[in-house]
Amino acid sequence: MSDVDEAGDDEVLVEAPSPVPGLLFIRVPEGKTVKNRVHVDWQPTERSRDDEVKRLMALGATLYEDHRTADGRGWVTLRDPEGNEFCVEQGKGQSTTQA
């Protein structure tokens, strides 16, 4: 668990040493109705979030939901060619533009 997570939290981040990505587990109110799935939230380290989204779309991902905001924050939800959703967030070192 990360330093800010506590037992019973609805969200828990499992951190890994760099450059391995962490895994975020989120409790949802809906019951299980289909196969188990893993949802990946990606924080690029070698390019900006927007450049990573462009790169992934060029590789076959499709835009599902765009949650970017005018101040540079937010994330983008994409789907892989099989329809599995994943998010691309800002990298840890990426700054935001304050409006």
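What you see is a predicted model; the values in this text were computed from it and never measured. (Residues numbered from 1 in each chain as written. Predicted model: local features only at pLDDT ≥ 70, side-chain atom pairs only at ≥ 80, totals over all residues. Heavy atoms only, no water.)

## Brief notes about the overall build of the chain
Right, so step 1: The helix and strand tally for the chain stands at 1 helix and 6 strands.
Right, so step 2: Reading the helices (α) and strands (β) of the chain from amino to carboxyl end gives β-β-β-α-β-β-β.
Right, so step 3: Looking at the 99 residues of the chain, the share that counts as buried comes to 19%.
Right, so step 4: Accessible surface for the chain amounts to roughly 7700 Å². Of this, 52% is attributable to carbon and sulfur atoms. (Helix = DSSP H or I, 4+ residues; strand = E, 2+ residues; numbered from the N terminus. Buried < 20%, exposed > 50% of the residue type's maximum accessible area, 1.4 Å probe, protein only. Areas by Shrake-Rupley, 256 points an atom, 1.4 Å probe, with all protein chains shown as cover.)

## Focus: helix H1 (residues 49–58)
An α-helical segment advances 3.6 residues per turn. Residues three or four places apart therefore align on the same side.
Right, so step 1: By the burial criterion, the buried members of H1 are Arg49, Glu52, Val53 and Leu56. Seen end-on, H1 carries its buried residues on one side only, within an arc spanning 105 degrees. For H1, exposure combined with an orientation more than 90 degrees from the buried face picks out Lys54 and Ala58.
Right, so step 2: Residues of H1 that are buried in the fold lie against strand E3 (40–42), strand E5 (76–79) and strand E6 (85–88).
Right, so step 3: A positive phi of about 120 degrees marks Gly60, the residue just after H1. (Arc of directions from axis to C-beta. Contact = heavy atoms within 4.5 Å.)

## Notes on the side chain of Gln90
Right, so step 1: Following the sequence through the fold, Gln90 ends up in the segment after E6.
Right, so step 2: For Gln90, the side chain forms a polar contact with the main-chain oxygen of Gly72, separated by 2.8 Å. (Polar contact = N/O pair within 3.5 Å; in protein donor to acceptor, adjacent residues only side chain to side chain.)

## Comments concerning the environment of Gln94
Right, so step 1: Its location among the elements puts Gln94 in the segment after E6.
Right, so step 2: As for Gln94 and Gly72, which are separated by 22 residues in sequence, their C-alpha atoms are 9.5 Å apart.
Right, so step 3: If sequence neighbours within four positions are ignored, Gln94 has contacts with Ser48 and Arg49.

## Quick word on the side chain of Asp71
Right, so step 1: Considering the arrangement of structural elements, one finds Asp71 in the loop between strand E4 (62–66) and E5.
Right, so step 2: One polar contact links Asp71 to Thr69, side chain to side chain, over a distance of 2.4 Å.
Right, so step 3: Of note is the side chain of Asp71, whose polar atom sits 3.0 Å from the backbone nitrogen of Arg73.

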